[in-house]
Amino acid sequence: MIHVVPKIPAYISFRALGAPKLLPFNLTVSVSYDCNSKCKTCNIWKKHAQDLTLEEYEKIFKKFGKVFWVTLSGGEPFLRKDLDQIALLLYKHCKPKIINIPTNGLLGPYIAKKAEEIARACPHSEIVLNLSLDGIGKQHDEIRGIPGNFQRSMQTYEALRKIKLRNFSLGIHTVISKFNVNDIPEICDYVLDKLKPDSYISEVAEERVELDSIGTKITPTAQEYTKAVDYLSKKTSKTKTKGLSRFTLAFRSGYYEFAKKVLSTKKQAIPCYAGVASAQISPEGDVWGCCVRAEPLGNLRNADYDFRKIWFDVKADKFRKSVKDKECACPLANAYYSSAIMDPVTLAKVSKKVI
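Every value quoted in this text rests on a predicted model; they were computed, and no experiment measured them.

1. As for the side chain of R320
1) Next: Examined against the element boundaries, R320 turns out to sit in helix α11 (residues 314-324).
2) Next: By relative accessible area, R320 is classed as buried at 9%.
3) Next: Leaving out residues up to four positions away in the same chain, R320 has contacts with F14, G275, V276, W311, F312 and D313.

Here is the structure:
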């Protein structure tokens, strides 16, 4: 946070006036669409791409330079056998303070082995591993589309729990959808009382271009979601946290209120900084301002792997204007984090919670 706060006025100016031109401090890198889950809330496993190679990632990261927070996502990111090497190149050239990696947990001890290797190879970055859990027992298997998923996820969790490194933290992540919204209290109690992860986060299921889920009607109603996250917020507020997890919990509490407003009003609840402070790189090298719209602003393979050539081009400017003009509204958690830091009122509330 202390690395980002001094730049807040510049980011606000960039969004409002188009200058000074800044790179995003929050970057998501989707390393592959390949996934061994078949979730009811996501059809990304049906998509295919010519994934960027390790050599291409080095060119991209080398030209990008420093970035504060990076998510290595998928698909299932651990299906890429060179994920640890991608993380190391990222660490070497971009020096992120946080590297976040989500996983479905299906690959068991292999995930723990790779996660520990990444944490050891990147000692000055906080490595956050978030394990997906959308239900308990058979419910999780049904939502994820894989028999035995819950049991394998718990085996993975136990293996990850054995990692004792200062720069590694283990979280649980739940997608709240129409398939589990009424069971969130039970899931929350199970996670916090039995599993006791370093952090527990959730986000609302939404229809995204990236996930090929447009028209699937997976999002719960505002009333259903409100009831679920009110319980979650009350429960997590009693959880003792430290370090990065304290910030995560504080921001998540704000996110729940933000998502409730977006779902009920269908409008931006706070100014959105997607395309300004946050961005995403698709597996085949497309640069997006956000994954909900997933509008290609350009392809890195056609731009000599130089993110700046795309980010500061006219097409990106048009995307930023569209977002600033409130032509879209969504409860995307990743974009919310960046936007919350830029919004003085929200940042003050989060800071108060942390203190």
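Here the narrative resumes.
2. Quick look at helix α1 (residues 8-17)
1) Next: Buried within α1 we find I8, Y11, F14 and R15. Down the axis of α1, the buried set is contained in an arc of 120°. They therefore lie on one face. Every exposed residue of α1 that faces more than 90 degrees away from the buried side is listed here: P9 and L17.

3. Quick look at the pairing of strand β2 (residues 69-73)
1) Next: Of all the 5 residues making up β2, 5 are buried; the element is thus mostly covered by neighbouring parts of the structure.
2) Next: Of the two faces of β2, the one holding W69, T71 and S73 and the one holding V70 and L72 are both buried throughout.
3) Next: In the sheet, strand β1 (residues 26-30) pairs with β2 via 5 bridges, with the strands oriented parallel. The residue bridging L27 from the neighbouring strand is V70, located in β2.
4) Next: Regarding topology, helix α2 (residues 54-64) serves as the crossover connection from β1 to the parallel β2, and that connection is right-handed.
5) Next: Where β2 lies against strand β3 (residues 98-103), 3 bridges are found, and the strand directions are parallel.

4. Quick word on the pairing of strand β4 (residues 126-132)
1) Next: Taking burial as the measure, the 7 residues of β4 include 6 buried ones, the bulk of the element.
2) Next: In terms of strand pairing, β3 meets β4 through 6 bridges, oriented parallel. Bridge pairing links I99 to I127 in β4.
3) Next: For the crossover that starts at β3, traverses helix α4 (residues 109-121) and ends in the parallel β4, the hand is right-handed.
4) Next: Relative to strand β5 (residues 168-176), β4 is paired through 6 bridges, and the arrangement is parallel. Residue pairing for β5: N130 is matched across the bridge by G171.

5. Examining the packing of aromatic side chains
1) Next: In total, this model carries 12 aromatic pairs according to the counting rule given.
2) Next: Arranged with centres 4.8 Å apart and planes meeting at 35°, the rings of F258 and Y336 form a pair that is tilted. Remark: Y336 occurs in helix α12 (residues 333-342) and F258 occurs in helix α9 (residues 244-265); sequence separation between them is 78 residues.
3) Next: Residue F258 is classed as buried on the basis of its relative accessible area of 10%.

6. Focus on the state of the cysteines
1) Next: Summed over the entire model, instances satisfying the criterion amount to 0 disulfides.
2) Next: The structure places no disulfide on C35, whose sulfur is separated from the nearest cysteine sulfur, that of C39, by 6.0 Å.
3) Next: Its relative accessible area of 22% is what places C35 among the partly exposed residues.

7. Focus on the sheet that holds β2
1) Next: With mixed pairing, 8 strands are arranged side by side in an open sheet as β6-β5-β4-β3-β2-β1-β7-β8. Either end of the sheet is taken by a strand with one partner, and the two such strands are β6 (199-204) and β8 (287-288).
2) Next: Taken strand by strand, helix α8 (residues 222-236) contacts β5 and β6, and its axis lies near 165° from that of β6.

8. Remarks on the environment of I99
1) Next: Looking at the element boundaries, I99 is found in strand β3.
2) Next: Taking the C-alpha atoms as reference, I99 lies 9.3 Å from C122; in sequence the two are 23 residues apart.
3) Next: Not counting chain neighbours up to four residues away, the residues in contact with I99 comprise V70, L72, L90, C122, S125, E126, I127 and V128.

9. Structural notes on α2
1) Next: All of the buried residues in α2 are L54, E56, Y57, I60, F61 and F64. Summarising the axial view, the buried residues of α2 lie within an arc of 155°, below the 170-degree limit, and thus occupy one face. Seen from the open side of α2, the exposed residues pointing more than 90 degrees away from its buried face are E55 and K62.
2) Next: Those residues of α2 that are buried are in contact with β1, α3 (83-94), β7 (278-281) and α10 (307-311).
3) Next: Just downstream of α2, G65 is the residue with a positive phi angle, here 85°.

Parameters at a glance
- Residues numbered from 1 in each chain as written.
- Predicted model: local features only at pLDDT ≥ 70, side-chain atom pairs only at ≥ 80, totals over all residues.
- Heavy atoms only, no water.
- Helix = DSSP H or I, 4+ residues; strand = E, 2+ residues; numbered from the N terminus.
- Buried < 20%, exposed > 50% of the residue type's maximum accessible area, 1.4 Å probe, protein only.
- Contact = heavy atoms within 4.5 Å.
- Arc of directions from axis to C-beta.
- Pairing = 2+ DSSP bridges.
- Right-handed = clockwise from strand over helix to strand, strands pointing away.
- Phe/Tyr/Trp six-rings, centres within 6.5 Å; stacked < 30°, edge-to-face > 60°.
- Disulfide = S-S within 2.5 Å.
- Axes fitted to C-alpha atoms, helices over the stretch in contact; angles between N-to-C directions.

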